[in-house]
Structure formats: structure tokens, C-alpha cells
Amino acid sequence: MPPFNLTSLTPATFILAGIPGMEKLHIWLSIPFCSMYLVALLGNIVMLFVIRTERSLHQPMYLFLAMLAITDLILSTTTVPKMLALFWFSAGEISFGACLTQMFFLHFSCSAESVILLAMAFDRFVAICYPLQYAVVLTQSAVAKAGLVVLLRSFCIIFPCIFLLKRLPFCGHNVIPHTYCEHMGVARLACADISINILYGLAVPVAVVVVDVVLIAVSYVLILLALFRLPSRTARHKAFNTCGSHVCVILLFYIPAFFTVLTHRFGQEIPQHIHILLANLYVVFPPMLNPIVYGVRTQQIKEKVVKVFICPKTHLLQ
């Protein structure tokens, strides 16, 4: 019996079905998603521009924030334009290679954001618990190395998923009941055992993210202990405000992530269209709100945005 040619069992294209059961509402759903995406684009680009042009913001905290903005742009831009094309023009076709590429950057950006949030927690920990050593510990070189760790760790975690999918044969089932390609959504279309995909797709990323969450929690426990040791209420309030924006961003990222995972794994009674809507919100909601949170809660960024965009003549004269 001749061996199977697995290449011939790889579909040329997949069909993204959108949100099953809500096809008639695709046009209406595109309005809020398009609006949120445009706000996310504007907010993160403005954040990057202000941090890039203002020398006073070339500090570790804001450099990590710039990394977060870049990651948010990758996360939303990887998924939302194709989603809108599907909603507006029923352009659900996506090639096998493009599907794997979208899947890689989707999961890569989620993993990268988790590491960046951990780095930002470490930044706040050093700033509050060891303020005299801050400039020595968090140098420009240290920030650059942290950025390299973000790239390498995320790449090493997500890249194996491509090979786990490329080894699978697909026997004609090419309709993905989703608005974008993600690892398990593609794997479930295969006509072969996908137990390795399930194990890797659940165990490895979740384990890594759990480690990040534990380390972030430990950092903030130590930060709170340090805050309670501060002599004055004013000092405690000022130090806590420096962490407030970061805590909000952490909650915006991890709460929807864990809620999505838990409802996907244990919420069998929840309709499929709810799962898909939650997944769609996850790729656009945090990227939209992160720059708003930092812009509103961080006085330095608020001042620099006003300086650059509202009073540009004053900014040029300085």
C-alpha cells in the first residue's frame, strides 16, 4: 500500500464562517468592532509617537509601555481587518499559509503581552521596593534584553504549533466556525488524532501564563508590603498611583483571557456564538483600553499628549 502524501491532504484554503448563528447580524456587529479597532489604532500609535518624540519618557516604565502598544497593534491588526472583510464582503477565504501566519501572530502577541506585563510588574517592584537601585538595575541595556526575552520566549512557545498543524492531514473539512484562525480551531478540522495538539495547546501556553501571573502576584504582594511600611499616607498614595494603571491593564488582559479559556473548556452549555463573540472582544478590547487607561491615569503621558498635539507650537519652541 503506498504511503499517504500528506501534502495532498492539506487544503489550499480555509473558509472562515464568522459567528455561527449570527450571520444576519454581521454588518451590525462590524460597527462596534470597527470603531474599537480604530480607537485601538489611534490610541496605540499616539502612545508610541509621544514616547518616541519625548526624551523625558525614554525611561524603562515607558519603554515597556511602548512594547505593550506594539504588541496590542499586532494583536488587533492580525485579526480585525480580516474579520471586517468577512463581515462586510463575506470574504471568508484564507489560504492555508495565511491561516497559519495569522494563528502564529495571534498567539505570539498574546504570549508577548503576558511577558511584557510581567516585566512592567518587575519595573514597579524595583521602583517602589528598591528606589535607590532603580537606575542601576533597569538600565537601557536591561530593557533591551527584556525585549529580546519577550521575543524569544514567545517565539519558542508558539512556533511548534505550526509544525503540529502542518503534520496533520485534512480530508476536505475546511470551514472554521470562527472569524480568525487559532490553533485548536484549525486542528479540529483534521482527520487524525490531535491529542498532541490538545496537550500542547492547553498545557504549555497555560502553564507559562500561570507562571507569569504568579510572579506578577508575588511582585505586587511585595509592593503592598513596602507601601504599608512607608511613613506617610501621602507617600503611600503617590506610590500606589504609580501602580494603578498597570494593575488596570493586568486585569484587562488576564480576566477576559481566563474567562474565555474557562468558558471554552467548561462552559459546554454556553452557545457557540457567545464563545466566538468573547474571543473577538478579547483581540480588540484590551488594545483599545490600554492606551486610554495609561493616558488618563498617568500624569506624565497626559501632559506630553497635550504638549505634542494640543499645544504643538509651544512644544516646538521648547
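Presented here is an overview of the structure given in this document. (Residues numbered from 1 in each chain as written. Predicted model: local features only at pLDDT ≥ 70, side-chain atom pairs only at ≥ 80, totals over all residues. Heavy atoms only, no water.)

### Focus on the nonpolar core
Moving on, step 1. The biggest cluster of nonpolar side chains holds 96 residues, and the ones touching the most others in it are F14, F33, L65 and L117.
Moving on, step 2. In terms of residue count, helix α3 (residues 96-129) provides more of this core than any other element does, 19 residues in total.
Moving on, step 3. Not counting chain neighbours up to four residues away, the residues in contact with F14 comprise G92, E93, I94, F96, C99, F170, H173, N174, I176, V186 and L189. (Core = buried A, V, L, I, M, F, W, Y, C linked by side-chain atoms within 4.5 Å. Buried < 20%, exposed > 50% of the residue type's maximum accessible area, 1.4 Å probe, protein only. Helix = DSSP H or I, 4+ residues; strand = E, 2+ residues; numbered from the N terminus. Contact = heavy atoms within 4.5 Å.)

### Structural notes on the packing of aromatic side chains
Moving on, step 1. Taken as a whole, this structure holds 15 aromatic pairs when the rule is applied.
Moving on, step 2. Relative to F108, the ring of F104 lies with its centre 5.5 Å away and its plane at 25°, an arrangement referred to as stacked. Of this pair, F104 and F108 both sit in helix α3, four residues apart, which is roughly one turn of the helix. Just as F104 is buried, F108 falls in that class too.
Moving on, step 3. Note on F122 and F125: the rings are 6.3 Å apart at their centroids and 35° apart in plane angle, and the pair reads as tilted. One end of the pair, F122, and the other, F125, are both in helix α3, three residues apart, so they sit about a helical turn from each other.
Moving on, step 4. Its relative accessible area of 16% is what places F125 among the buried residues. (Phe/Tyr/Trp six-rings, centres within 6.5 Å; stacked < 30°, edge-to-face > 60°.)

### Thoughts on the sheet that holds strand β1 (residues 13-16)
Moving on, step 1. One open sheet holds the three strands; their spatial order is β2-β1-β3, and the pairing between them is mixed. Lying at the two open borders of the sheet, with one neighbouring strand each, are β2 (93-95) and β3 (175-176).
Moving on, step 2. Note that β1 and β3 share two bridges and pair parallel. Bridging across to β3, I15 finds its partner in V175.
Moving on, step 3. Along the sheet face, α3 touches β1, β2 and β3 and points at about 85° away from the line of β2. (Pairing = 2+ DSSP bridges. Axes fitted to C-alpha atoms, helices over the stretch in contact; angles between N-to-C directions.)

### Let's talk about the side chain of S30
Moving on, step 1. Tracing the chain through its elements places S30 in helix α1 (residues 26-53).
Moving on, step 2. Not counting chain neighbours up to four residues away, the residues in contact with S30 comprise L84, F87 and W88.

### Considerations on the state of the cysteines
Moving on, step 1. Using the criterion set out here, one finds two disulfides in the structure.
Moving on, step 2. The disulfide that involves C99 links it to C181, with 2.0 Å between the sulfurs. Taking the torsion about the sulfur-sulfur bond, which here is approximately -120°, the covalent link between C99 and C181 counts as left-handed. Of the two residues, C99 is situated in helix α3 and C181 in the loop between β3 and α6 (183-187); the sequence distance between them amounts to 82 residues. Accessibility assignment for this pair places C99 and C181 in one class, buried.
Moving on, step 3. C171 shares a disulfide with C191; S-S distance 1.7 Å. Because the sign of the S-S torsion sets the handedness, a value of about 60° for the bond joining C171 and C191 places this disulfide among the right-handed ones. Pair noted here: C171 is in the loop between α5 (140-166) and β3 and C191 is in the loop between α6 and α7 (195-228), with a separation of 20 residues, a long-range link.
Moving on, step 4. Within the protein chain, bonded cysteines paired by disulfides and numbered along the sequence follow the pattern 1-3, 2-4. (Disulfide = S-S within 2.5 Å.)

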